[in-house]
Amino acid sequence: MTARRTVDNAPARVGYGTLLRTPGARGFLVPAFAARLPYAMLSLGIVLLVLDTHGSYGTAGAVAAVSAVAQAFVGPQTGRLADRFGQSAVLLPSVLVHAVSVGALIALALGHAPVWTLFLAAAPAGASVPQIGAMVRARWVTKLADSSPGTLNTAFAFESVTDEFTFVVGPVLATAVATGVTPAAGLVAEAALTVVGGLAFAAQRSTAPVRHPQVPGTRRVSALASPGVRLLAGAFLGVGTVFGAMQVSVTAFAEAAGRPGASGIVYGVFAGGSMLAGVLYGMVAWRRSARGRMLGSYALLVLGCSTLWAMPGLTTLALAGLVCGLAIAPTLITGYTLVETLVPDGAKTEAFTWLTGAIGLGLAAGSTVAGRLIDGHGPSAGFLVPVAGAGLGLLALVLLRRLLVAPAAGTSVFAGAADAVATSAVTAAGDPAAPGRAVARSGAGAQLVGASKG
């Protein structure tokens with residue numbers, strides 16, 4: 001079993017060029033980009049379509065929220081299945097369900113169907129969103145298992161930059177297609193990219209992490225059993241409220257200013273600030289602990305969000321969004337770096353999807369609350385949501401920061417029936433020393449269960 005990494009040691013600087021020369025990396029990175037781009041298009045595409053067909057920001061935000069909530073709760077289960085059965089086995093049915101669900105949502109919206117029917121279509125559309133970002137990060141963990149901690153930190157920085165780049169391109173693409181062709185075209189493009197990119201990524205089997213099937217006589221421990229994972233999920237929930245409220249509020253602000261097409265550009269500037277910060281963050285050999293960096297970047301996020309509601313025009317709003325975005329990528333990079341140290345092998349994809357799902361859940365809450373505030377009090381009121389959501393996340397991190405400490409080496413994703421684990425290990429490996437290691441792993445897994453109950 002790979003030894004636990006320590007993120008508090010100062011890593012050596014690793015360049016992006018060195019990272020991209022990792023054997024097999026480019027083979028999964030290219031299709032992964034196409035497959036994760038729709039993640040930044042789905043919520044905004046829903047908002048633009050439902051706003052056009054039903055005429056309410058509140059309704060549009062609520063439908064997008066249902067999709068995001070479904071993604072937030074089903075996504076980690078998808079990650080857990082990917083850890084157990086393999087990424088390709090999960091991706092193939094997911095992309096097909098997603099295409100059908102998005103098609104149904106488009107048809108219902110264009111037919112001016114009752115709002116509750118839109119919710120029924122939005123739920124499976126969100127639940128079937130492929131967890132590409134988490135799967136790519138799990139592949140990096142596998143590929144870089146024998147590398148220095150600095151290499152993995154650079155990989156997570158690269159992934160955050162890629163995420164943010166999709167949030168630059170995605171909203172602009174969704175807005176351009178929806179306003180330039182038809183409001184439904186944004187979701188059509190989203191579904192097409194999901195199918196093509198998802199299937200191409202699933203075909204890259206050689207770089208996928210090894211499967212961790214259920215060991216007879218044991219039960220699998222959820223990554224959420226770790227208190228540190230739960231804390232980071234709560235913090236990412238706050239980041240998600242920033243994303244969700246920004247999408248709805250920027251759209252409403254641009255509409256009120258008479259320039260609806262500018263909403264994608266303003267949101268793209270916000271994401272661009274995060275992308276720039278992520279590029280620079282990944283180039284630094286940090287000597288400060290990851291926990292300290294997490295608290296610092298999150299505090300900057302709250303500070304940046306506190307100015308959004310007071311901006312008088314689109315230009316000043318874009319500048320404020322740029323400042324706010326500068327704190328996003330460092331927060332996400334550090335969070336993913338920390339969570340990788342908090343769970344054993346066999347639960348890493350699930351752990352990454354809990355963080356991604358928390359962002360989606362926060363996005364749902366942020367878009368819903370912001371939509372209601374905008375309907376009742378105007379566009380600027382929606383910008384109160386990011387500072388409130390991020391502020392609560394910062395409070396949780398400050399009060400519970402002691403939980404962000406990696407457990408002792410040797411933890412396992414399985415718990416219970418130590419004898420069965422030992423027997424299984426001996427049978428599979430023929431190693432006389434395996435029983436002792438298996439018992440140790442089972443005991444550590446039981447400690448994780450105890451922590452979850454505590």
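Rules used in this analysis
- Residues numbered from 1 in each chain as written.
- Predicted model: local features only at pLDDT ≥ 70, side-chain atom pairs only at ≥ 80, totals over all residues.
- Heavy atoms only, no water.
- Helix = DSSP H or I, 4+ residues; strand = E, 2+ residues; numbered from the N terminus.
- Buried < 20%, exposed > 50% of the residue type's maximum accessible area, 1.4 Å probe, protein only.
- Contact = heavy atoms within 4.5 Å.
- Areas by Shrake-Rupley, 256 points an atom, 1.4 Å probe, with all protein chains shown as cover.
- Expected span 1.5 Å × (residues − 1).
- Patch = residues over 30% accessible without salt bridge, like charges linked within 9 Å, V, L, I, M, F, W, Y side chains within 5 Å.
- Salt bridge = Lys/Arg side-chain N within 4 Å of Asp/Glu carboxyl O.
- Axes fitted to C-alpha atoms, helices over the stretch in contact; angles between N-to-C directions.
- Left-handed = near helix turned anticlockwise from the far one by under 90°.
- Nonpolar A, V, L, I, M, F, W, Y, C, P; charged D, E, K, R; others polar.
- Core = buried A, V, L, I, M, F, W, Y, C linked by side-chain atoms within 4.5 Å.
- Phe/Tyr/Trp six-rings, centres within 6.5 Å; stacked < 30°, edge-to-face > 60°.
- Lys NZ or Arg CZ within 6 Å of the ring centre and 35° of its normal.
- Disulfide = S-S within 2.5 Å.
- Parallel < 35°, antiparallel > 145°, perpendicular 65-115°, else oblique.
- Bend = angle between axes of the 7 residues up to and from the residue.
- Polar contact = N/O pair within 3.5 Å; in protein donor to acceptor, adjacent residues only side chain to side chain.
- pLDDT = per-residue confidence, 0-100.

A. Summary view of the overall build of the protein chain. Each helix and strand counted, the protein chain has 18 helices and 2 strands in total. Counting all 454 residues of the protein chain, 56% fall into the buried class. For the protein chain, the proportion of contacts with a sequence separation of at least 24, taken over those separated by at least 6, is 86%. If you sum the accessible surface of the protein chain, you get close to 16,700 Å²; carbon and sulfur atoms cover 67% of it.

B. Molecular detail of the environment of Phe-85. In this fold, Phe-85 is placed in helix α4 (residues 57-85). Residues Phe-85 and Val-210 lie 125 residues apart in sequence; the distance between their C-alpha atoms is 9.0 Å.

C. Main features of helix α12 (residues 290-305). End to end, α12 covers 23 Å across 16 residues, agreeing with the expected 22 Å (1.5 Å per residue, within 8%). Those residues of α12 that fall on the buried side of the exposure criterion are Ala-290, Gly-292, Arg-293, Met-294, Ser-297, Tyr-298, Leu-301, Val-302, Gly-304 and Cys-305.

D. Quick peek at a nonpolar patch on the surface. A surface patch of nonpolar side chains, about 510 Å² in accessible area, is lined by Leu-276, Leu-280, Met-283, Leu-319, Leu-322 and Leu-326. Broken down by secondary-structure element, the contributors of at least two residues to the nonpolar patch are α11 (263-281) and α13 (314-325). As for its placement among the helices and strands, Leu-280 is situated in helix α11. On the basis of relative accessible area, Leu-280 is assigned to the partly exposed category, the value being 49%.

E. Spotlight on the packing of helix α14 (residues 328-342) against helix α15 (residues 348-377). Across the interface, α14 lies against α15 with an axial gap of 10 Å and an inter-helix angle of 145°. The hand of the α14/α15 crossing is right-handed. Contacts between α14 and α15 involve Leu-332, Gly-335, Tyr-336, Val-339 and Glu-340 on the former and, on the latter, Lys-348, Ala-351, Phe-352, Leu-355, Thr-356 and Ile-359. In terms of residue class, the contact of α14 with α15 is built from 7 nonpolar, 2 polar and 2 charged.

F. Representation of the nonpolar core in the model. Among the nonpolar cores identified, the biggest contains 81 residues, and Trp-140 and Tyr-298 are the most heavily contacted of them. Looking at which element gives the most residues to this core, the answer is helix α10 (residues 227-256), with 13 residues.

G. Layout of unusual backbone geometry. In this structure, His-112 takes a positive phi of about 55° despite not being glycine. Within the fold, His-112 resides in the loop between α5 (87-110) and α6 (115-127).

H. Region of interest: the packing of aromatic side chains. By the definition in use, this model includes 6 aromatic pairs. Plain terms: the ring middles of Phe-156 and Phe-352 are 5.7 Å apart, the flat faces sit at 75° to each other, and that makes the pair edge-to-face. With Phe-156 in helix α8 (residues 149-180) and Phe-352 in helix α15, the pair connects residues that are 196 residues apart, well separated along the chain. The same class applies to Phe-156 and to Phe-352, which are both buried. Cluster of aromatic residues (ring-pair linked, three or more members): Phe-156, Phe-236, Tyr-336 and Phe-352. Seen from the ring of Tyr-336, Arg-137 lies directly overhead, with NZ or CZ sitting 3.8 Å from the centre.

I. Region of the structure containing the pattern of salt bridges. In total, this model carries 1 salt bridge according to the counting rule given. In this structure, the salt-bridge partner of Arg-36 is Glu-159, at a minimum N-O distance of 2.7 Å. One end of the pair, Arg-36, is in helix α2 (residues 25-36); the other, Glu-159, is in helix α8, with 123 residues separating them in the sequence. Its relative accessible area of 5% is what places Arg-36 among the buried residues.

J. Structural detail: the state of the cysteines. Tallied over the full model, the rule gives 0 disulfides. Cys-324 provides the cysteine sulfur closest to Cys-305, a residue in no disulfide bond, and the two sulfurs are 3.1 Å apart. By relative accessible area, Cys-305 is classed as buried at 0%.

K. Structural view of the packing of α4 against α15. Where α4 contacts α15, the axes come no closer than 8 Å and their chain directions differ by 175°. Of the possible angle classes, the one that applies to α4 and α15 is roughly antiparallel. Residue composition of the contact of α4 with α15, by class: 14 nonpolar, 14 polar and 6 charged.

L. Representation of α4. Given a rise of 1.5 Å per residue, 29 residues ought to cover 42 Å, and the 40 Å separating the end C-alpha atoms of α4 matches this to within 8%. Taken as a whole, α4 carries its principal kink of about 35° at Val-74; the proline Pro-76 stands between one and four residues after it. By the N-cap criterion, in which a side-chain oxygen at the helix start approaches the backbone nitrogen of a residue two or three places on, α4 is capped by Ser-56, the distance to Thr-59 being 3.2 Å. Positive phi shows up at Gly-86, right after α4, with a value of about 105°.

M. Broad picture of the side chain of Arg-137. Inspection of the secondary structure assignment puts Arg-137 in helix α7 (residues 132-143). The residues contacting Arg-137, other than those within four sequence positions of it, are Arg-36, Phe-156, Glu-159, Ser-160, Asp-163, Tyr-336 and Phe-352.

N. Broad picture of the environment of Ser-128. Locating Ser-128 in the fold gives a position in the loop between α6 and α7. Considering only alpha carbons, one finds Ser-128 and Ser-101, 27 residues apart in sequence, at a separation of 8.5 Å. Leave out the neighbours within four places in its chain, and Ser-128 touches Ser-94, Val-97 and His-98. At 2.7 Å, the side chain of Ser-128 forms a polar contact with the backbone oxygen of Pro-124. There is a polar contact of 3.4 Å between the side chain of Ser-128 and the backbone oxygen of Ala-125.

O. Broad picture of the confidence of the model for the protein chain. Of the residues in the protein chain, 82% have a pLDDT of 70 or more, and the chain-wide mean is 78. A low-confidence stretch, residues 1-11 stays under pLDDT 50, and its non-local contacts, those more than four residues away or across chains, total 35 contacts. Of the regions scoring below 50 in pLDDT, residues 417-454 engages in 54 contacts with residues more than four places distant in sequence or in other chains.

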